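Architecture and fold: a report
One-letter residues, chain by chain:
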Amino acid sequence: MAKLLYSVGMSLDGFIAGPGGDMSWLADRIGPNPAVDRLVDETGALLVGNRTFRGDDPYKGTEGEGEAFGGGWSGPQFVLTHHVPDVPVPGVTFVGDLAGGVAAAKAAAGEKYVNVLGASVARQCLEAGLLDEILVCVVPVLLGDGVRLFDHPGGTRVGLERVDVTQAPHATNIWTRVVR
Ligand SMILES: NC(=O)c1ccc[n+]([C@@H]2O[C@H](COP(=O)([O-])OP(=O)(O)OC[C@H]3O[C@@H](n4cnc5c(N)ncnc54)[C@H](OP(=O)(O)O)[C@@H]3O)[C@@H](O)[C@H]2O)c1
């Protein structure tokens, strides 16, 4: 059965996007990364928040613009939104609720991962007890403001178990399992 994994590139001060959803900070820090290669190989479907789907793209201006992992991965994508567009997007299924999106993405992923993209969707998966793993690629940059990796007003405590820590030229990768 597919597992849900939240994967993300994060600044050292905990942001996954800069102010206004800016992703340009990641553009010149994309490079070879064995942890991302492994993730790409083991991903069977994407579960994506609509702000991620419609948002800024670190591959902007390159051949990979608009493609998942800059064109490094292809497969079924499930985008969560309350506003399903009239015009279909090839390869993308728009879904109006979390449970429906998770079920459809898991069925499509088979034995591979459902890769969760977007902090809001990841938080909801976590809080519903559905998130299995988190891969954070920590990038040595400070952003000061923006979209946090995880936000829970008032605070909370989520236990994580380390699976693997690896080094790439532009990131330190921390692969963890959610403790239930
Ligand atoms: N650094 C990285 O590796 C990385 C990776 C991915 C994303 N990002 C960045 O993170 C930011 C996006 O994260 P985010 O947390 O702001 O937003 P998000 O999770 O990508 O998307 C949130 C949106 O998804 C839809 N949605 C969420 N839950 C839903 C539900 N239960 N039912 C129906 N629709 C639902 C809603 O869209 P509607 O308003 O259409 O209803 C909501 O506004 C972007 O700036 C993106 O570029 C960074």
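One can find the structure itself at the top, above this paragraph.
A short tour of the structure in this document, coming up. (Residues numbered from 1 in each chain as written. Predicted model: local features only at pLDDT ≥ 70, side-chain atom pairs only at ≥ 80, totals over all residues. Heavy atoms only, no water.)

Details of the overall build of the protein chain
To be explicit about the condition: By definition, any uninterrupted DSSP run of H or I lasting at least four residues is a helix, any uninterrupted run of E lasting at least two residues is a strand, and each is numbered from the N terminus. This radius of gyration counts C-alpha atoms alone. The globule rule is 2.2 Å times how many residues there are, raised to the power 0.38. Each residue gets one of three labels from its accessible area relative to the maximum for its type: buried under 20%, exposed over 50%, partly exposed in between, using a 1.4 Å probe on protein chains only. Contacts: residue pairs with any heavy atoms within 4.5 Å of one another. Note that accessible areas follow from Shrake-Rupley with a 1.4 Å probe, and for residues the cover is restricted to the protein chains shown. When charges are counted, Lys and Arg are positive and Asp and Glu negative, with His and the chain ends excluded. For charged residues, the charge sits on one atom: NZ in Lys, CZ in Arg, CG in Asp, CD in Glu.
Within the protein chain, the secondary structure is distributed over 5 helices and 10 strands. In summary, the protein chain has a C-alpha radius of gyration of 15 Å against a globular reference of 16 Å for 180 residues, a match within 12%. Along the first, second and third principal axes, the C-alpha atoms of the protein chain reach 40 × 40 × 35 Å. Among the 180 residues that make up the protein chain, the fraction classed as buried is 41%. Long-range contacts, defined here as pairs at least 24 residues apart, represent 74% of the contacts in the protein chain between residues at least 6 apart. Carbon together with sulfur atoms contributes 54% to the accessible area of the protein chain, which is approximately 9600 Å² in total. For the protein chain, the distance from the average site of its 14 positive side-chain charges to the average site of its 21 negative ones is 7 Å.

Here's the deal with the packing of aromatic side chains
Here is the rule: Between the rings of Phe, Tyr and Trp (Trp by its six-membered ring), a pair exists once the centres lie within 6.5 Å; its type follows the angle of the planes, with under 30 degrees stacked, over 60 edge-to-face, and the other angles tilted.
Evaluated as defined, the whole model comprises 2 aromatic pairs. Note on F53 and F94: the rings are 5.8 Å apart at their centroids and 80 degrees apart in plane angle, and the pair reads as edge-to-face. Placement of the pair is F53 in helix α3 (residues 50–54) and F94 in strand β5 (residues 92–95), with a sequence separation of 41 residues. On the accessibility criterion, F94 (15% relative accessible area) is buried. Seen from their ring centres, Y113 and W175 are 6.2 Å apart, and the 50 degrees between their planes marks the pair as tilted. Remark: W175 occurs in strand β10 (residues 171–178) and Y113 occurs in strand β6 (residues 113–117); sequence separation between them is 62 residues. Residue Y113 is classed as buried on the basis of its relative accessible area, which comes to 9%. Judged by relative accessible area, W175 falls into the buried class, the value being 2%.

Some remarks on the site of the ligand
Put simply, the test is: Any residue with a heavy atom positioned within 4 Å of a molecule or strand is treated as near that molecule or strand. As used in this structure description, the phrase polar contact means that two N or O atoms lie within 3.5 Å; if the pair is within protein, one of them must be able to donate a hydrogen and the other to accept it, and residues adjacent in sequence are counted only when both atoms belong to side chains.
Within the structure, the ligand sits among 23 residues, and G9, T52, T81, H82 and S120 are positioned closest to it. L80 has a polar backbone atom sitting 3.4 Å from an oxygen atom of the ligand. Within the residue set of the shell around the ligand, elements represented by two or more residues are β1 (3–11), β2 (15–17), α3 and α5 (119–127). By residue number, the principal contributor to the shell around the ligand is α5, which donates 4 residues.

Description of the nonpolar core
As a reminder of what qualifies: What we call a nonpolar core is a set of buried Ala, Val, Leu, Ile, Met, Phe, Trp, Tyr and Cys residues that are connected through their side-chain atoms within 4.5 Å.
In this structure, Y6, L47, V116, C125 and L131 are the most contacted members of the largest nonpolar core, which totals 28 residues. Elements with a contribution of two residues or more to this core: β1, β3 (43–49), β4 (77–80), α4 (98–109), β6, α5 and β7 (133–139). With 5 residues, the top contributor of residues to this core is α5. Each residue touching C125, except ones within four places of it in the same chain, is listed here: L4, L47, L98, V102, V116, L130 and L131. In this structure, A17, Y113, V141 and A171 belong to the second largest nonpolar core, which totals 13 residues.

Considering a nonpolar patch on the surface
As a reminder, the rule being used: Residues qualify for a patch when their relative accessible area is over 30% and they have no salt bridge, like charges being joined within 9 Å and the nonpolar side chains of Val, Leu, Ile, Met, Phe, Trp and Tyr within 5 Å. One speaks of a salt bridge when a side-chain nitrogen belonging to Lys or Arg is within 4 Å of a carboxyl oxygen belonging to Asp or Glu.
Taken together, the side chains of F150, V158 and L160 define a hydrophobic patch exposed on the protein surface, amounting to about 210 Å² of accessible area. As for its position among the elements, L160 is in strand β9 (residues 160–168).

Let's talk about the side chain of Q77
Mapped onto the secondary structure, Q77 falls in strand β4. When near neighbours in sequence (up to four residues on either side) are disregarded, Q77 contacts L46, V48, F53, A68, G91, V92 and T93.

Side note on α4
Test applied: A helix's residues, less one, multiplied by 1.5 Å, set its expected span. Our arc is simply the arc of the directions from the helix axis toward the C-beta atoms.
The first and last C-alpha atoms of α4 sit 16 Å apart over 12 residues, in line with the 16 Å expected at 1.5 Å per residue. Looking only at α4, the buried set comprises L98, G101, V102, A105 and A109. Along the long axis of α4, the arc covered by the buried residues comes to 95 degrees, so they all point the same way. Pointing more than 90 degrees away from the buried face of α4 are the exposed residues A99 and A107. Its side-chain oxygen placed 3.4 Å from the backbone nitrogen of A99, D97 serves as the N-cap of α4.

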